[in-house]
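Per-entry structural report
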Amino acid sequence: MAYPVPGTREPFLATRRLDAWWLAPLAMGISFIVFIIYATWSALHPMGDDPVTYHVQTNYVSPFFSPDLSKFIPGFTWSPALLILWIPAGFRLTCYYGRKAYYRSLTFSPSACAVGKGQREYKGERALPWILNNLHRYFLYIITALVIFHWIHFFDAFRFDGHFGMRLGTLVVAADTIFLTLYVTSCHSLRHLVGGKIDCYSCAAAGMARHHAWKGVSILNDKHNLYFWLSLFTVGFADLYIRMISSGCWQDVRFF
Amino acid sequence: MPRTVKMKVFRGEKGEGAIHDYNVHIDDGMVVLDVIHRIQATQAPDLACRWNCKAGKCGSCSAEVNGKPSLMCMTRMDSLDLEKPITVEPLMTFPHVRDLVTDVSWNYTVNKRIKPFKPKAKEADGTHRMFQYEVDRVQEFRKCIECYLCQTVCHVLRNHGKHEEFAGPRFMIRTASLEMHPLDVEDRVPFIKEEGGIGFCNITKCCTEVCPEHIHITDNGIIPMKERVADRYYDPIKMLFRVLTGK
Ligand code: SF4
Ligand code: SF4
Ligand code: FES
Ligand code: FES
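Parameters at a glance
- Residues numbered from 1 in each chain as written.
- Chains lettered and ligands numbered in written order.
- Predicted model: local features only at pLDDT ≥ 70, side-chain atom pairs only at ≥ 80, totals over all residues.
- Heavy atoms only, no water.
- Phe/Tyr/Trp six-rings, centres within 6.5 Å; stacked < 30°, edge-to-face > 60°.
- Helix = DSSP H or I, 4+ residues; strand = E, 2+ residues; numbered from the N terminus.
- Buried < 20%, exposed > 50% of the residue type's maximum accessible area, 1.4 Å probe, protein only.
- Lys NZ or Arg CZ within 6 Å of the ring centre and 35° of its normal.
- Near = heavy atom within 4 Å.
- Nonpolar A, V, L, I, M, F, W, Y, C, P; charged D, E, K, R; others polar.
- Contact = heavy atoms within 4.5 Å.
- Polar contact = N/O pair within 3.5 Å; in protein donor to acceptor, adjacent residues only side chain to side chain.

1. Some words on the packing of aromatic side chains
Residues and elements named next belong to chain A. In the structure shown here, the tally under the stated rule is 33 aromatic pairs over all chains. An angle of 80 degrees between the planes, with centres 6.4 Å apart, marks the rings of Phe-35 and Phe-64 as edge-to-face. Residue Phe-35 is located in helix H1 (residues 23–44), and its partner Phe-64 is located in the loop between H1 and helix H2 (86–94); the two are separated by 29 residues in the primary sequence. The class of Phe-64 is buried, set by a relative accessible area of 3%. Positioned over the ring face of Phe-228 is Arg-92, at 5.0 Å from the centre of the ring. The positively charged end of Arg-99 is found above the aromatic ring belonging to Tyr-96, 4.2 Å away from the centroid.

2. Here we look at the site of ligand 1
Residues and elements named next belong to chain B. Of all residues adjacent to ligand 1, which total 14 residues, the nearest are Cys-154, Cys-201, Thr-204, Lys-205 and Cys-207. Looking at the shell around ligand 1, the elements that each hand over two or more residues are helix H5 (155–158), helix H8 (206–210) and helix H9 (217–234). Among the residues forming the shell around ligand 1, the class breakdown is 9 nonpolar, 4 polar and 1 charged.

3. What about the site of ligand 2?
The local shell around ligand 2 consists of Cys-144, Ile-145, Glu-146, Cys-147, Tyr-148, Cys-150, Arg-170, Ile-173, Cys-211, Pro-212 and Ile-217 of chain B. In terms of residue class, the shell around ligand 2 is built from 9 nonpolar, no polar and 2 charged.

4. Some remarks on the environment of Asp-187 of chain B
Residue and element names in this part refer to chain B. Note on placement: Asp-187 falls in the loop between helix H6 (169–179) and helix H7 (189–193). Expressed as a C-alpha distance, the spacing of Asp-187 and His-214, which sit 27 residues apart in the sequence, is 27 Å. With sequence-adjacent residues up to four places away left out, Asp-187 is seen in contact with Lys-115, Glu-179 and Arg-232. At a separation of 3.1 Å, a polar atom in the side chain of Asp-187 contacts the main-chain amide nitrogen of Val-189. In this structure the side chain of Asp-187 is engaged in a polar contact, spanning 2.9 Å, whose partner is the side chain of Arg-232.

5. Some words on the side chain of Lys-226 of chain B
With respect to the helices, strands and loops of the structure, Lys-226 of chain B is situated in helix H9. In terms of polar contacts, Lys-226 of chain B uses its side chain to reach the side chain of Glu-125 of chain A, at 2.6 Å. Setting aside anything within four residues of it in sequence, one finds Lys-226 of chain B in contact with Tyr-96, Arg-99 and Glu-125 of chain A together with Ile-198, Gly-199, Cys-201 and Ile-203 of chain B.

Following this line, the structure appears as structure tokens:
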């Protein structure tokens, strides 16, 4: 048996690893596919007269449909979700952790460490389409506005017929808002922007403050992968929950 | 518990060879390197392997244990499934010399291409000043023991053989450690983009997974360098600003 020499390509998915290396990419791949199918279906099926506020008795607002930009585009008759969802989609697609997750689980590049890729040309992020991932920071700027809307809906979710209250839906909306905020504030581009780009903090203007900011984002950044998934699941579940209670399939549990 | 295990060790020269089976008696607390040494002592005195410190600090004993790039001296036998045979092979990404030994000298040639530390001018009192909190970041990278496990596992080198175009994770963090140094004034951003080929890295983090020093190679080294490259070469607003202001 000739031992592979440098540049030799191990056959696709060939490895001598004995552990369950395929488990993580498989779980991630299934999660992505389920989410993409659900989100696409939901985006194309707004409910009721006002798709933004599904439910008349509550102020829950589905994160998929807010803000409703279609109001500003006369004659726009498609789902308002189509005007919004490209922002989180682009943000996640260009996210440094998101890239790792889909390169491993969907493009098998590589599916796991020391697992073969077979014969294929590889240009990485030096050529189209993946070179566009360098624009991640622009999605960060845009999604910040969306985070503000999530917080508005967070406070709205405590109002029921003009009274302060709390139901299970309130927690669902809160989970989405909090995890989205943690996901965005742990972003690598934000970490660079707030202070990571500085070499000499003691020489830079506001250097100490920026060092603290960088440290703070670094602490959150350590769990960026966790927030990526928690926020993906909670945003999808928030839409599903609001859809289900507004269609009467589920009953919202009332706390007070 | 002392017991006998089946070891499958690659034997051969310059890439030609085969897996050889050895039944070895092992004792409590042994690491893979101990077992290789026992094979040398009792069954195959000509089995070639490289090692030095047996303490996970010299970076010489890198090999692929059950398909995973690892330090043989830091891989305890009781961390492996001893019911199954244990495979030990040389690093796949570098030219094979003999048995478990590969030629890693390519790495030293890459290292030479990185511009050395260039300190800024001294302050008026004739000293250089920096603070611990500013160098914490680069000190993480200085823990590197040059075992080249990260280079071996990186698919850009391992599966695509881009040794000419990509410096590899070890040299991404070496460049980062110089570039982020508070006293350094050299500019290595063009190097890391062009010759270093940082764009080949798709941040899939295998380097971080295998690093025995637990350096956050990707999160703390490569991604911050990718952001610096994006600042310079891929951010249209910043580029326009530079054209307009001439900075
Ligand atoms: S993260 Fe980049 S450098 Fe590290 S192993 Fe993956 S492709 Fe190679
Ligand atoms: S960065 Fe880690 S894995 Fe890579 S050579 Fe240094 S110690 Fe080894
Ligand atoms: S790096 Fe993941 S959101 Fe920016
Ligand atoms: S022998 Fe020195 S690192 Fe293993």
